[in-house]
Amino acid sequence: MRFLLIIGFLFPFLVFSQNETRSEKIKRISDIRQAVISLVDEYKSNVKVSSRNEDEFYDLFSENEKIINDVIPSKDFNQLINATDWIDIFKGNRIYSVDIDILEISNISEYDLDSGYVNVIIQKNVRSAMWNSIIKPNFGVNFGEDKKQNINFYYSNKLIMKIGYRVNYRGVPVKIISIKPVNKLINSYALVPKVKQPFL
């Protein structure tokens, strides 16, 4: 699948440039493509943030980053936040199991020969997510008398990642500029209470 994505991405650029040979241009586009795919993989690995991977998560983004808050119980749901806000949301998180599939990678939009950006459409499927209802009271259910129930929920959204790049002699550094929804997020999801099993 990734091989087909790369071939499809390269095809519009198989032309001569005043400053590049045909083979140089093909290699540059291929290197950018591979760097973008690797960055999406790194995002998937670090989107569940804890104290152990805060630095890795920060490093995925450019300055003034914009991230759609798709965590439904949070107060800023459907708003654009930054990496620091995202890390704060994950305080008290217990489970966050997510699948991310690349659906489409756009052609390169160049600022100049060595820099530009690429739009990547992804399908983000959160299969299981749960927060500690004591630390995040609005992420659970209150049964009264200081009794709170953790809630396990799931949802799926199509998002567009804007990824900036700059080619240099060492490689192709890439950063996420923004993550926004393709369509407006809908505030609906399935709730599955986690019921304790009776002690036998």
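The structure reproduced in this document is the subject of the present report. (Residues numbered from 1 in each chain as written. Predicted model: local features only at pLDDT ≥ 70, side-chain atom pairs only at ≥ 80, totals over all residues. Heavy atoms only, no water.)

**Examining the overall build of the protein**
The following threshold applies: Here a helix means four or more residues in a row that DSSP labels H or I, a strand means two or more in a row labelled E, and each is numbered from the N terminus. Accessible area is worked out with a 1.4 Å probe on protein chains only. A residue is then buried under 20% of its type maximum, exposed over 50%, and partly exposed in between. By definition in these notes, contact holds between two residues if any of their heavy atoms fall within 4.5 Å. Note on areas: Shrake-Rupley with a 1.4 Å probe; residue coverage comes only from the protein chains shown.
Along its length, the protein carries four helices and nine strands. Reading the protein from its N end, one meets helices and strands in the order α-α-α-β-β-α-β-β-β-β-β-β-β. Taking all 200 residues of the protein together, the buried fraction comes to 42%. Counted over contacts in the protein with a minimum sequence separation of 6, partners at least 24 positions apart contribute 63%. Of the roughly 11,900 Å² of accessible surface on the protein, a fraction of 51% belongs to carbon and sulfur atoms.

**Considering the pattern of salt bridges**
Side-chain pairing between opposite charges can occur once the charged atoms of the two side chains come close. For clarity, the cut-off: Salt bridges are identified by distance alone: a Lys or Arg side-chain nitrogen within 4 Å of an Asp or Glu carboxyl oxygen.
The tally for this structure, following the rule as stated, stands at seven salt bridges. The shortest N-O distance in the salt bridge between Asp70 and Lys124 comes to 3.0 Å. Pair noted here: Asp70 is in the loop between strand 1 (61-68) and strand 2 (80-81) and Lys124 is in strand 5 (residues 115-131), with a separation of 54 residues, a long-range link. The exposure class of Asp70 is buried, given its relative accessible area of 0%. A relative accessible area of 1% means that Lys124 is categorised as buried. Salt-bridge contacts for Asp99 lead to Arg127; the nearest nitrogen and oxygen are separated by 2.7 Å.

**With respect to the packing of aromatic side chains**
Spelled out, the test is: What counts as a ring pair is set by centres within 6.5 Å for rings of Phe, Tyr and Trp (its six-membered ring), and what kind of pair is set by the plane angle: stacked under 30 degrees, edge-to-face over 60, tilted for all other angles. Comment: the charge-over-ring label is applied if NZ (Lys) or CZ (Arg) is within 6 Å of the ring centre and within 35 degrees of the ring normal.
Inspection of every chain in the model, using the stated rule, returns nine aromatic pairs. Between the aromatic rings of Trp131 and Phe153, the centroid separation amounts to 5.8 Å while the plane-to-plane angle is 15 degrees, which identifies the pairing as stacked. One end of the pair, Trp131, is in strand 5; the other, Phe153, is in strand 7 (residues 147-166), with 22 residues separating them in the sequence. Residue Trp131 is classed as buried on the basis of its relative accessible area, which comes to 1%. Overall, the relative accessible area of 2% leaves Phe153 in the buried class. By way of ring pairs, the aromatic residues Trp86, Phe90, Tyr96, Trp131, Phe139, Phe153 and Tyr155 are connected into one cluster. Residue placement shows Lys162 over the ring face of Tyr117; its charged tip is 4.4 Å from the ring centre.

**Here we look at the nonpolar core**
Rules: Definition used in this section: a nonpolar core is a set of buried Ala, Val, Leu, Ile, Met, Phe, Trp, Tyr and Cys residues joined via side-chain atoms within 4.5 Å.
Core analysis: the biggest nonpolar cluster contains 48 residues, and Trp86, Tyr96 and Val120 have the highest contact counts within it. Breaking this core down by element, the ones donating at least two residues are helix 2 (22-46), strand 1, helix 4 (83-89), strand 3 (93-105), strand 5, strand 7 and strand 8 (174-181). Residues in contact with Tyr96, not counting those within four places in the same chain, are Val47, Lys48, Asp70, Trp86, Phe90, Lys124, Val126, Ser128, Ala129, Trp131 and Tyr155.

**So, unusual backbone geometry**
Positive phi outside glycine occurs at Asn64, with the angle close to 60 degrees. In this structure, Asn64 sits in strand 1.

**A look at the pairing of strand 8**
Going by this rule: Two strands are said to pair when DSSP picks up at least two bridges between them.
Sheet topology note: the strand 1/strand 8 ladder contains three bridges and is parallel. Bridge pairing links Lys66 to Ser178 in strand 8.

**Remarks on the environment of Tyr155**
Here is the rule: Any N or O atom pair separated by 3.5 Å or less is treated as a polar contact, with the protein-specific requirement of one donor-capable and one acceptor-capable atom, and with residues adjacent in sequence counted only for side-chain atom pairs.
Position of Tyr155 among the secondary structure elements: in strand 7. Overall, Tyr155 belongs to the buried group, its relative accessible area being 6%. Linking Tyr155 and Lys124, residues 31 residues apart in sequence, is a C-alpha distance of 8.5 Å. Contact partners of Tyr155, with chain neighbours within four places excluded, come to Asp70, Val71, Ile72, Tyr96, Lys124, Asn125 and Val126. A distance of 3.2 Å separates a polar side-chain atom of Tyr155 from the backbone oxygen of Asp70.

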